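As a plain string of letters, each chain reads:
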Amino acid sequence: MLHPHIHIKDYDYELPDERIAKYPLPERDASRLLVWQGGDVAHRYFRELPQLLPDDVTLFFNNTKVIPARLIFRKETGSLIETFLLDPIAPHLVELAMRVSGTTTWNCAIGNLKRWKDDQTLLRQLVVDGRSILLTASLADRSRQIVRFAWEGGDDIPFLRIIEACGEVPIPPYLNRAAEASDQPAYQTVYSKREGAVAAPTAGLHFTPQLMDTLREKGLRLEELTLHVSAGTFKPVSTDNALDHEMHAEQVSVSRKNLEAMAEGRTIAAVGTTSMRTLESLYWFGVRLCSNPDATFDIGQFEPYQYSGASLPDLKTAVSNILEYMTRHDLPELHGSTQIYIVPGYRFRVCDALITNFHQPTSTLLLLVAAFTGGNNWKKIYTAALETGYRFLSYGDSSLLWRK
């Protein structure tokens, strides 16, 4: 049951700057792994993960790929204007926006906006595939920070190639350093495939191809779904009541194969909070389809809490509803969005285990961990990690948490 007031100060802890990992380890799977199960803490290494998971586990990975979303333009006066790509407006689907040619419109976070006049077009000269390209940026809506990008000299060149030629990897702001060349491969999972994220699903940064092969050899099932992580993942909870925080919407893509794997009755482990949010959102979409067979897949942040006391379907039924929906609409893949807000009081419907890094104080991600582990167990976990030298945040160590 959701309490009407969740004091965010109850999810605060002291995180010394020296405990924030500014760079990743040379070997991805050399990170430490805190295991929480049945109230007990154990300290292992990430490369031991295959020995720590039972044979009936299905692991769900988020295969989104981080795009170089920071585009910097220099005015004739020398002033720098930064456009940080957040969400595509036209076309709306991020993967289509990556492939579009000629022009695209995005919702951005704009640095130095006050120095960008409404009627002023910013210019940047690029070389893409040996061709000289002129990239322009113009304000379509100042108040909403919507920017129209256009490029000349290569109308057939997709937007992805444009930003690869001039953009920068948007590493997390709490690293307090500029992006470096080493971040380009390091801040990307080895299984990333589908461009569209502005932040990495960092739980996956610990996996190597060899480790994933070992998991398969053991008989574990590995599934890839997609949630394009938005910059809202870094947005702090600034309200006293955490329930007053507005969650960000993120685009989701899943296959029939993903859904069928969810309904097999195996133990489900989410690799990262983004995979967990996707899986739990799918259940609620299946619930929505019970009353409206043609409902849209756009889960609101408090939708799961609206069914208090209602008789709800089991996971297999919810998934069956979605598969029938996809068949009726001839969908090879399901696309949608989710704002789901997982906080203490949430009842998990899909996930049995979570692999995740150690998160910022008073963050939505820490609230999710608190909901999953129950009560004040998050404090025991984080205290144990701090007392034994774990590295925190995106480039830090990991944890394997089992649902209470």
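As the structure is a prediction and not an experimental result, all values here were calculated from the model.

## Some remarks on the overall build of the protein chain
When helices and strands are tallied, the protein chain shows ten helices and 18 strands. Taking 22 Å as the expected radius of gyration for a compact globule of 404 residues, we find that the protein chain reaches 22 Å, a close match to that expectation. Principal-axis analysis of the C-alpha atoms places the extent of the protein chain at approximately 60 × 55 × 45 Å. Within the protein chain, buried positions represent 55% of all 404 residues. Residue pairs in contact within the protein chain that sit at least 24 positions apart in sequence constitute 74% of those at least 6 positions apart. Here the protein chain has roughly 17100 Å² of accessible surface; of this, 49% comes from carbon and sulfur atoms. Of the charged side chains in the protein chain, 42 are positive and 48 negative; the average position of the first set lies 2 Å away from that of the second.

## Section: the pairing of strand β14 (residues 267-271)
Extensive coverage of β14 is indicated by the burial of five of its five residues. By the alternation rule, side chains of β14 split into T267, A269 and V271 and I268 and A270, which are all buried. Here four bridges tie strand β3 (residues 57-62) to β14, and the two strands are oriented parallel to one another. Paired with F60 across the two strands is A270, which belongs to β14.

## Observations regarding the packing of helix α9 (residues 364-373) against helix α10 (residues 377-387)
One way to put it is that α9 packs onto α10 with a least axis distance of 8 Å and a crossing angle of 115°. Relative to α10, the element α9 is oriented roughly perpendicular. Of the residues in α10, those in contact with L366, V369, A370 and T373 of α9 are N377, W378, I381 and Y382. Residues belonging to the contact of α9 with α10 are distributed by class as follows: six nonpolar, two polar and no charged.

## Observations regarding the sheet that holds strand β16 (residues 333-338)
Taken in spatial order, the ten strands make up an open sheet running β2-β1-β18-β17-β14-β3-β12-β13-β16-β15, and their pairing is mixed. Each edge of the sheet is formed by a strand with only one pairing partner; in this case those strands are β2 (40-45) and β15 (298-299). Bridging between strand β12 (residues 221-227) and strand β13 (residues 250-255) involves two bridges; their strand directions are antiparallel. Its bridge partner lying in β13, L227 is registered against V252. On the sheet, α10 packs against β1 (32-37), β2, β17 (353-357) and β18 (398-402) and is oriented at approximately 150° with respect to β1.

## Some thoughts on the pattern of salt bridges
Evaluated as defined, the whole model comprises 26 salt bridges. Here R216 makes a salt bridge to D213, at a shortest N to O gap of 3.1 Å. A residue pair is termed a helical-turn pair when its members lie 3 or 4 positions apart in one helix, as R216 and D213 do in helix α5 (residues 209-218) at three residues. The class of D213 is partly exposed, set by a relative accessible area of 39%. Note that E223 is salt-bridged to K257, the shortest N-O span being 2.8 Å.

## Re the sheet that holds strand β10 (residues 146-152)
Spatially, six strands are ordered β5-β6-β7-β10-β9-β8 in an open sheet, and the strand pairing comes out antiparallel. Two strands in the sheet have a free side with no partner beyond their single neighbour: β5 (70-74) and β8 (122-128). Mean inter-strand twist for the sheet, computed between neighbouring axes without regard to direction, equals 40°. In this sheet, β10 lies alongside strand β7 (residues 103-111) in antiparallel orientation, the contact comprising five bridges. Bridging across to β10, W106 finds its partner in V147. Packing against the sheet, helix α3 (residues 159-166) makes contact with β5, β6 (80-90), β7, β8, β9 (131-141) and β10, and its axis sits at approximately 95° to β8.

## A word on the packing of helix α7 (residues 273-291) against helix α8 (residues 315-328)
Here α7 crosses α8 at 75°, and the two axes come no closer than 8 Å. Viewed along their axes, α7 and α8 adopt a mutual orientation that is roughly perpendicular. When α7 is examined against α8, the residues L282, Y283, F285, G286, V287, L289 and C290 are found in contact with a partner set consisting of L315, A318, N321, I322 and Y325.

Calculation criteria
Residues numbered from 1 in each chain as written. Predicted model: local features only at pLDDT ≥ 70, side-chain atom pairs only at ≥ 80, totals over all residues. Heavy atoms only, no water. Helix = DSSP H or I, 4+ residues; strand = E, 2+ residues; numbered from the N terminus. Rg over C-alpha atoms; globule rule 2.2 N^0.38 Å. Buried < 20%, exposed > 50% of the residue type's maximum accessible area, 1.4 Å probe, protein only. Contact = heavy atoms within 4.5 Å. Areas by Shrake-Rupley, 256 points an atom, 1.4 Å probe, with all protein chains shown as cover. Lys, Arg positive; Asp, Glu negative; His and termini not counted. Charge placed at Lys NZ, Arg CZ, Asp CG, Glu CD. Pairing = 2+ DSSP bridges. Axes fitted to C-alpha atoms, helices over the stretch in contact; angles between N-to-C directions. Parallel < 35°, antiparallel > 145°, perpendicular 65-115°, else oblique. Nonpolar A, V, L, I, M, F, W, Y, C, P; charged D, E, K, R; others polar. Salt bridge = Lys/Arg side-chain N within 4 Å of Asp/Glu carboxyl O.

On their own, these measurements won't tell you what the molecule is for.
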